[in-house]
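Structural description and commentary
Residues per chain, in single letters:
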Amino acid sequence: SEANFEEDSQEQPAVGHWKTLMPSKGSKEEPETGCQDAGGVDETQSTEQLNVSRLRSSSVEIREKGSEFLKEELHKAQKELKLKDKECERLSKVREQLEQELEELTASLFEEAHKMVREANTKQAASEKQLREARGKIDMLQAEVTALKTLVITSTPSSPNRELHPQLQSPSKAGFRKGHGRNKSTSSAMVSAASQNVTPEPVSRECKEVDSILFAEFQAWKESPTLDKSSSFLDRIYREDIGPCLDFTKQELSELVRVAVEENTLTIEPVASQTLPLTKMSAEECSGPKKCALSGLPRTCKHRIMLGDSGNYYYISPSCRARITAVCNFFTYIRYIQQGLVRQDVELMYWEVMRLRKEMSLAKLGFYRSEM
C-alpha cells in the first residue's frame, strides 16, 4: 500500500494533490480510507445541516416573534384608529349640533328683531294716531270752553241770551247753514239744539216749585259730580228720561247709540250737506232715504248718524234725531258741571237740568219742530 501511495504520488502532477475518487483495483486499503473520508464529510455535512437547521429554527422563531409583535402593534394601531374614529365621529356630531344650535339661535334672533320692529312700528302708529286725536279733542274742548264761558257770562236760565241760543230764535234764523255740517254730540247743545226744542216762554219764579227729593239728589251729586250711573241722581234720570228717550224699535242699534252718546263719540249731520257727483247720486239720495234705521218706519230721513270712527252711517227720521239730540244736550251740560265750567248758583243749575229733562220728555213723546 505504501508502494502504491508512492506511485500515485509520483504520477500526480506537482501543481497540487488530487484525491482519487475511485480506488484502484490492486489496492485493498483504499476503501477504508474512502470510508474514513466519507465519514468525515458526513460529520461535516451533518454539522452544517445542524447549524442550518438551528439557523432555520432561530429564523422561524424570529419570524414568529416578529409576526406576533407586528400583529400586536397592528392590533394596537387598529384599536387606536377605532378610538380616533369614534372621537372624530363624536366631534363631528358635536360640531353639527353646534352649527344647528347656531342656526336656530340666529333665526330666533332675526325673528325676535323683526317682531320688535313690527311692535315698535305698531306702537308708533298708535301713538301718532292718539296724538292726532288728542290734538283734535284739545281744539274742540278749547272751542267749547270759549263758547261756554261766553254762555255762562251772558246767559242764565231766567234771562237767556237769544244770540247764543239758536232754539230761541225765529225759524228763519235757526235753519241749518248750507254746506257740509258735522256736529259732535258734545257741541250739539249750542249748535244744533234748535231742531228739537220748543221755544220756552220766560216763567217767573212763582210758577215753579223745587221738588225736595230731586233737589237733594242733585245737591248730593253736585258735591262729587260723576257720570257713573250708581248715583241716585243719574240713576233716576236714566230710568225716567234717557232710557225711554233712546229706546227705539231696533234694540241692537239703540244700545250702540246709547253707548256712543255716553262716550261722546256720536256724530249727527244733515243728509243735504253731502256733495256727491250728480252721476253717482240716485233718486233716493236726492230726496233723502225713505226708511229710518232706528224705528224701521218709512220716513223721510234728513239726517244721518255715525257711531265713533266706524265709517258706517245710519239714516234717521226727524223724531229720532230730536230724541238723540235732547239726550246729547243733557250730557253736554252735566259734563260742563263735572269739569267745573258752570259757575252758577246750585238752584239755577238745578232748573237748567230740569229744563233739559223736560226736552227729553217732550222728545220721547214725539214733539219736535218741523224745521228738523
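- Per an unreviewed UniProt entry, the protein chain is named Guanine nucleotide exchange factor for Rab-3A, and its organism is Cuculus canorus.
- Per UniProt, the protein chain has the following entry under Sequence similarities (unreviewed entry): "Belongs to the SEC2 family."

1. Quick look at empty space enclosed by the protein
- Counted according to the given criterion, the structure contains 2 cavities of 30 Å³ or more.
- What the second largest cavity holds in volume is close to 30 Å³.
- Leu-214, Glu-217, Phe-233, Arg-236, Ile-237, Tyr-350, Met-354 and Arg-357 together form the lining of the second largest cavity.
- Of all the elements in the fold, those that place two or more residues in the lining of the second largest cavity are α4 (212–223), α5 (232–245) and α9 (346–364).
- For the lining of the second largest cavity, the residue count by class is 5 nonpolar, no polar and 3 charged.

2. Structural notes on a negative patch on the surface
- A grouping of Glu-61, Glu-64, Glu-68, Glu-72, Glu-73 and Glu-80 is seen on the molecular surface, where their side chains present a negatively charged patch.
- Here Glu-80 shows up in helix α2 (residues 30–154).

3. Section: the pattern of salt bridges
- A full pass over the atoms with the stated rule returns 13 salt bridges.
- Glu-89 serves as the salt-bridge partner of Lys-93, at 3.8 Å between the closest nitrogen and oxygen. Pair noted here: Lys-93 and Glu-89 are both in helix α2, with a separation of 4 residues, about one helical turn.
- The exposure class assigned to Glu-89 is partly exposed, which follows from its relative accessible area of 46%.
- Where Arg-236 meets Glu-240, a salt bridge forms, and the shortest distance between an N and an O atom there is 3.3 Å. Remark: Glu-240 and Arg-236 occur in helix α5; sequence separation between them is 4 residues, near one turn of the helix.
- On the basis of relative accessibility, which here comes to 31%, the residue Glu-240 falls in the partly exposed class.

4. With respect to the nonpolar core
- Of all hydrophobic cores here, the largest spans 45 residues; its most connected members are Ile-242, Leu-266, Leu-294, Ile-324 and Phe-330.
- Those elements that provide at least two residues to this core are α4, α5, α6 (251–262), β2 (266–270), β3 (303–307), α8 (318–338) and α9.
- Here the element with the most residues in this core is α8; it accounts for 11 residues.
- Every residue in contact with Phe-330, bar those within four places of it in the chain, is listed here: Leu-234, Ile-237, Ile-242, Val-353, Leu-356 and Met-360.

5. Remarks on α4
- Here α4 contains 12 residues, and its C-alpha end-to-end distance of 17 Å stays within 8% of the 16 Å for a straight helix at 1.5 Å per residue.
- Residues of α4 that are buried sit in contact with α5, α8 and α9.
- Sitting at the head of α4, Asp-211 places a side-chain oxygen 3.1 Å from the backbone nitrogen of Ile-213.

6. So, α6
- In this model α6 runs 17 Å from its N-terminal to its C-terminal C-alpha over 12 residues, within 8% of the 16 Å that 1.5 Å per residue would give.
- Of all the residues in α6, the buried ones are Leu-253, Ser-254, Val-257, Arg-258, Ala-260 and Val-261. Here the buried residues of α6 occupy an arc of 165 degrees about the axis, which is enough to place them on one side. Exposed side of α6, more than 90 degrees from the buried face: Gln-251 and Glu-252 are the residues found there.
- For α6, the secondary structure elements touched by its buried residues are β2, β3, β4 (313–316) and α8.
- Phi for Asn-264, located one or two positions after α6, is positive at around 60 degrees.

7. Describing the packing of α5 against α9
- α9 packs onto α5 with a crossing angle of 30 degrees between their chain directions and a minimal axis gap of 8 Å. The angle between α5 and α9 falls in the class roughly parallel. Contacts between α5 and α9 pair Phe-233, Arg-236, Ile-237, Glu-240, Asp-241, Ile-242, Pro-244 and Cys-245 from the former with Val-353, Arg-357, Met-360, Ser-361, Ala-363 and Lys-364 from the latter.
- Tallied by class, the residues present in the contact of α5 with α9 amount to 8 nonpolar, 1 polar and 5 charged.

So, how was this worked out
- Residues numbered from 1 in each chain as written.
- Predicted model: local features only at pLDDT ≥ 70, side-chain atom pairs only at ≥ 80, totals over all residues.
- Heavy atoms only, no water.
- UniProt positions renumbered as here; feature names shortened; annotations may be inferred.
- 1 Å grid on protein atoms, 1.4 Å probe; cavity = no way out; pocket = protein on both sides within 12 Å on 5 of 7 lines; lining within 4 Å.
- Points joined across faces, edges and corners; volume = space filled by probe spheres on them.
- Helix = DSSP H or I, 4+ residues; strand = E, 2+ residues; numbered from the N terminus.
- Nonpolar A, V, L, I, M, F, W, Y, C, P; charged D, E, K, R; others polar.
- Patch = residues over 30% accessible without salt bridge, like charges linked within 9 Å, V, L, I, M, F, W, Y side chains within 5 Å.
- Areas by Shrake-Rupley, 256 points an atom, 1.4 Å probe, with all protein chains shown as cover.
- Salt bridge = Lys/Arg side-chain N within 4 Å of Asp/Glu carboxyl O.
- Lys, Arg positive; Asp, Glu negative; His and termini not counted.
- Charge placed at Lys NZ, Arg CZ, Asp CG, Glu CD.
- Buried < 20%, exposed > 50% of the residue type's maximum accessible area, 1.4 Å probe, protein only.
- Core = buried A, V, L, I, M, F, W, Y, C linked by side-chain atoms within 4.5 Å.
- Contact = heavy atoms within 4.5 Å.
- Expected span 1.5 Å × (residues − 1).
- Polar contact = N/O pair within 3.5 Å; in protein donor to acceptor, adjacent residues only side chain to side chain.
- Arc of directions from axis to C-beta.
- Axes fitted to C-alpha atoms, helices over the stretch in contact; angles between N-to-C directions.
- Parallel < 35°, antiparallel > 145°, perpendicular 65-115°, else oblique.

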